[in-house]
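# Fold and geometry: a report
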Amino acid sequence: MDYDIIGDVHGQDGKLVALLGKLGYRIKGGAYRHPQGRMALFLGDLIDRGPGQLEVVTIVRRMIEAGSARSIMGNHEWNAIGFGLRDPEGPDFLRPRTESKIREHKAFLEQVGMDTPLHEELVAWFATLPPLLDLGDLRLCHAWWEPGSVDTLRAAMNGDGALDEAFLVASYRKRSLPWQALERLTKGCEIRLPEGVSFLDHNDIKRKDIRVRWWDAAASGYRDAALVPEGQRDRLPDLPLPSEITLGAVSEVPTFVGHYWLSGEPAIQNAKTAVLDYGAGLDGPLVAYRWNGESELSNAAFVSVGSRPM
Ligand SMILES: [Mn+2]
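Residues numbered from 1 in each chain as written. Predicted model: local features only at pLDDT ≥ 70, side-chain atom pairs only at ≥ 80, totals over all residues. Heavy atoms only, no water.

## Comments concerning the sheet that holds strand 15 (residues 302-305)
- Spatially, 5-4-1-14-15 is the arrangement adopted by the 5 strands of the open sheet, whose pairing is mixed. With partners counted over all chains shown, the strands left at the sheet margins are strand 5 (69-71) and strand 15, one partner each. Averaged over all pairs of adjacent strands, the angle between their axes in this sheet comes to 20°, without regard to strand direction.
- Lying over the sheet, helix 1 (residues 13-22) contacts strand 1 (3-6), strand 4 (39-42), strand 14 (286-291) and strand 15, oriented at roughly 140° with respect to strand 15.
- Its contacts with the sheet place helix 2 (residues 53-66) against strand 4 and strand 5, and it is angled at close to 120° to strand 5. (Pairing = 2+ DSSP bridges. Helix = DSSP H or I, 4+ residues; strand = E, 2+ residues; numbered from the N terminus. Axes fitted to C-alpha atoms, helices over the stretch in contact; angles between N-to-C directions. Contact = heavy atoms within 4.5 Å.)

## Details of the pattern of salt bridges
- In the structure shown here, the tally under the stated rule is 19 salt bridges.
- Here Arg184 makes a salt bridge to Glu146, at a shortest N to O gap of 3.3 Å. Residue Arg184 is found in helix 9 (residues 177-187), and its partner Glu146 is found in the loop between strand 7 (139-141) and helix 7 (147-154); the two are separated by 38 residues along the sequence.
- A relative accessible area of 29% places Arg184 in the partly exposed class.
- For Arg233, the salt bridge is made with Glu230, and the minimal N-O distance between the two is 2.7 Å. (Salt bridge = Lys/Arg side-chain N within 4 Å of Asp/Glu carboxyl O. Buried < 20%, exposed > 50% of the residue type's maximum accessible area, 1.4 Å probe, protein only.)

## Digging into the packing of helix 1 against helix 2
- Viewed as axis vectors pointing N to C, helix 1 and helix 2 meet at an angle of 35°, and their least axial separation amounts to 8 Å. Once helix 1 is placed against helix 2, the crossing between them reads as left-handed. Across from Asp13, Leu16, Val17 and Leu20 in helix 1, the residues of helix 2 making contact are Glu55, Val56, Ile59, Val60 and Met63.
- Here the contact of helix 1 with helix 2 is composed, by residue class, of 7 nonpolar, no polar and 2 charged. (Left-handed = near helix turned anticlockwise from the far one by under 90°. Nonpolar A, V, L, I, M, F, W, Y, C, P; charged D, E, K, R; others polar.)

## Observations concerning helix 3 (residues 75-84)
- Across the 10 residues that make up helix 3, a large majority, 10, are buried.
- Within the sequence span of helix 3, burial applies to Asn75, His76, Glu77, Trp78, Asn79, Ala80, Ile81, Gly82, Phe83 and Gly84.
- The elements touched by buried residues of helix 3 are helix 4 (99-104), helix 5 (106-112), helix 6 (117-126), helix 8 (165-170) and helix 9.

## Examining the side chain of Ser171
- Mapping Ser171 onto the fold places it in the loop between helix 8 and helix 9.
- Note on Ser171: relative accessible area 0%, which makes it buried.
- At 2.9 Å, the side chain of Ser171 forms a polar contact with the side chain of Trp78. (Polar contact = N/O pair within 3.5 Å; in protein donor to acceptor, adjacent residues only side chain to side chain.)

## Observations concerning the environment of Phe302
- Tracing the sequence through the fold places Phe302 in strand 15.
- By relative accessible area, which is 14% here, Phe302 ends up buried.
- Once the C-alpha coordinates of Phe302 and Ala288 are considered, the two residues, 14 residues apart in sequence, prove to be 5.7 Å apart.
- The contact partners of Phe302, leaving out residues within four places of it in the chain, are Pro266, Ala267, Ile268, Ala274, Val275, Leu276, Val287, Ala288 and Tyr289.

## Some words on the environment of Ser307
- If you trace the backbone, Ser307 turns up in the segment after strand 15.
- A residue is classified by how much of its surface remains accessible, and Ser307, at 59% relative accessible area, is exposed.
- Not counting residues up to four positions away in its chain, the partners in contact with Ser307 are Asp283 and Pro285.

## Considering the pairing of strand 4
- Judged by which residues are buried, strand 4 turns out to be covered on both faces: Met39 and Leu41 on one side and Ala40 and Phe42 on the other are all buried.
- With 4 bridges joining them, strand 1 and strand 4 adopt parallel strand pairing. From the neighbouring strand, Asp4 faces strand 4, where its bridge partner is Ala40.
- Handedness of the crossover joining strand 4 and strand 5 through helix 2 is recorded here as right-handed. (Right-handed = clockwise from strand over helix to strand, strands pointing away.)

## Some thoughts on the nonpolar core
- Of all hydrophobic cores here, the largest spans 95 residues; its most connected members are Ile5, Ile6, Phe42, Phe126, Ile210 and Phe256.
- Domain assignment of the residues forming this core places at least three in each of domain 1 (3-145 + 255-305) and domain 2 (190-244).
- With residues near it in sequence (within four places) discarded, Phe126 still touches Ile47, Val57, Met73, Glu77, Ala80, Ile81 and Phe108. (Core = buried A, V, L, I, M, F, W, Y, C linked by side-chain atoms within 4.5 Å. Domains from an automatic or database assignment.)

## Examining the packing of aromatic side chains
- Scanning all chains against the criterion turns up 8 aromatic pairs.
- An angle of 80° between the planes, with centres 5.4 Å apart, marks the rings of Trp214 and Trp215 as edge-to-face.
- For the ring pair Trp215 and Tyr260, a centre distance of 5.0 Å and an interplane angle of 75° mean the geometry is edge-to-face. Here the residue Trp215 occupies a position in the loop between strand 11 (209-211) and helix 10 (222-225), and Tyr260 occupies one in the loop between strand 12 (255-257) and strand 13 (273-275), the gap between them amounting to 45 residues. (Phe/Tyr/Trp six-rings, centres within 6.5 Å; stacked < 30°, edge-to-face > 60°.)

## Comments concerning the domain arrangement of the protein chain
- When its domains are assigned, the protein chain resolves into domain 1 (3-145 + 255-305) and domain 2 (190-244).
- Both sides together, the interface formed by domain 1 and domain 2 hides about 690 Å², and carbon and sulfur atoms give 70% of it.
- If you look at where domain 1 meets domain 2, you find 0 salt bridges.
- Counting across the interface, domain 1 meets domain 2 through 4 residue pairs in polar contact (both at pLDDT 80 or more).
- A breakdown of the residues in the side of domain 1 that touches domain 2 according to their chemical character gives 7 nonpolar, 4 polar and no charged. (Buried area = accessible area lost by both parts, 1.4 Å probe.)

Here you go:
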C-alpha cells in the first residue's frame, strides 16, 4: 500500500480540497478516494484556527469510513476532548474552560456551537483517533516518537487504536504517566532552560522551557537545538543539553510528524524523519509527503498547496 501523509490541516478546508485534488483524490460515493487505491494518512490537528472546521472533519471522517484515509490525534484534538468532557470524578471539565482555553478553541466553538449535540458527537469521534500509527515500514505521531511513551500508549490502545477511556481521562491529570505520554507524543520534546534563562514565544509570552528539534543529531546545545523565534535564539545559553538527552532519528523506520510549524521550502529533516507542518492553519502551505514504500525519505516526494505571501 502507498500512502500520502498530510500535515496539520487546522480547519483549512480550501487547502485540503486543493491538496487532495493535486494528489489525485476524487469524490466517489460521497468520499475522496484515490483511483490507484492510495491511502491518505492525517497527522492530527484537523481542527482549530481555520474557517472550515466542520468541513475538514467531515471530509476526513468520510474518507476513513470509505477506507481511503486514517488519522491520528494531534494536541488540538486531545485538548478538544478534555474541553468537551466532564470529569467523572469532579465538578469541572477534564480540561477546565478558562478564558485562554476558550480563546485557543474559538474558531471550532463558534462554528460547531459549544455544548451542542454536534459538539458532543465530534468530541466522541476525536476520542476514537489513535495517538500513533505504526504500519511497520512507516510510523506516524503528531510530534515526537518517544519510545517509552509509545510503549505506554500502545498498552492502552484497543484493537482499533483508540485509547482506553480510563487512560484518556487520566491523561488530563498533570504529571500522570498517561499525561506524560500524550504530552510527549502530541507536543514534543520540551526541556527546561537553566536557572534564570527565558525567552519570548510567538505570542510574546515568557517561556522557561524550549521545544527541541529531537530529530537533529547535529544539534547539541540549548541554543542550536531549540525551536524558538529566530530573534530569541541569542537569549539561550551556548551550553550543552543535559547528558540524558539524545537527539537524532529515533529509528531506522521512516517517521512522520506534524506540529512544528516550519517555514521555507518543505524538506526532510533526515533520511528517516519528516515534519509536515508548515503553518497551514494561518498563511502557510498545506504539505503532504507522497510515500511509495521507500526506506530513505526524499525531498522530491513533497506536494504542497497554498503558500505564505512574500
Ligand atoms: Mn500540533
